[in-house]
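# Residue-level structure breakdown
Here is how the chains run, residue by residue.
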Amino acid sequence: MHKNVILRRIIIGLLIAVLFIIASISVYSMHRNKCMQKNDLLVSFESLTPIEEENYTLGDVAYKDCVYSEEIGSVIFSFYKDGSKRMVVKDSKNA
C-alpha cells in the first residue's frame, strides 16, 4: 500500500510539471504575438530561415538582404566599417 502512495505522488508531480510547462509556453506565445503585433515578418525573422539571401557591397557598406516571401517581406542588414549594424524591415506595412 505504501508503494502505491509514493507512485501516485510521483505521477501527480509529473503531471503538474507537464501542465506547468504547457501553460508557460502558451503564455509566452500570447505575449510574443502581442509584442510583435502579429507582424508576420517579425515572427518569420525570429523563427524561419530566409528563402533567399543576397550579399552585396556599396562603397564601404556591406549589405545582406534576407527575403522571406513576397507576402511576408524582407530584412536588410547594413554593416558599417565602425562595427555598427543597421536593420531595415520591409513589408506591406513598412515598405
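The sections below set out a description of the structure shown in this document.

A complete count under the given rule lists 1 salt bridge for this structure. Where Glu53 meets Lys64, a salt bridge forms, and the shortest distance between an N and an O atom there is 3.7 Å. Highlighted residues: Glu53 in strand β1 (residues 52–58) and Lys64 in strand β2 (residues 61–69), separated in sequence by 11 residues. Since its relative accessible area comes to 44%, Glu53 is described here as partly exposed.

Here we take up the environment of Val75. Note on placement: Val75 falls in strand β3 (residues 73–79). Taking the relative accessible area as the measure of exposure, Val75 reaches 1% and is therefore buried.

Position of Ser78 relative to the elements: it lies in strand β3. Among the residues examined, Ser78 registers a relative accessible area of 4% and is labelled buried. Sequence-distant contacts of Ser78, that is, excluding residues within four places in its chain, are made with Val61, Ala62, Tyr63, Ser84, Lys85 and Arg86.

Conventions adopted
Here the residue numbering is sequential within each chain, running from 1 through the sequence in written order. With pLDDT at 70 or above as the cut-off, local features in this predicted model cover only qualifying residues; side-chain atom pairs require 80 or more to be listed or tallied, and sums for whole chains, interfaces and linings still use all residues. As a convention, hydrogens and water are excluded, and side-chain values are obtained from all of the structure's heavy atoms. Definition used for salt bridges: Asp or Glu carboxyl oxygen within 4 Å of a side-chain nitrogen of Lys or Arg. Secondary structure elements are defined from DSSP: runs of H or I of at least 4 residues count as helices, runs of E of at least 2 residues count as strands, and each element is numbered from the N terminus. Accessible area is worked out with a 1.4 Å probe on protein chains only. A residue is then buried under 20% of its type maximum, exposed over 50%, and partly exposed in between. Between two residues, a contact is recorded if the distance between any of their heavy atoms is within 4.5 Å.

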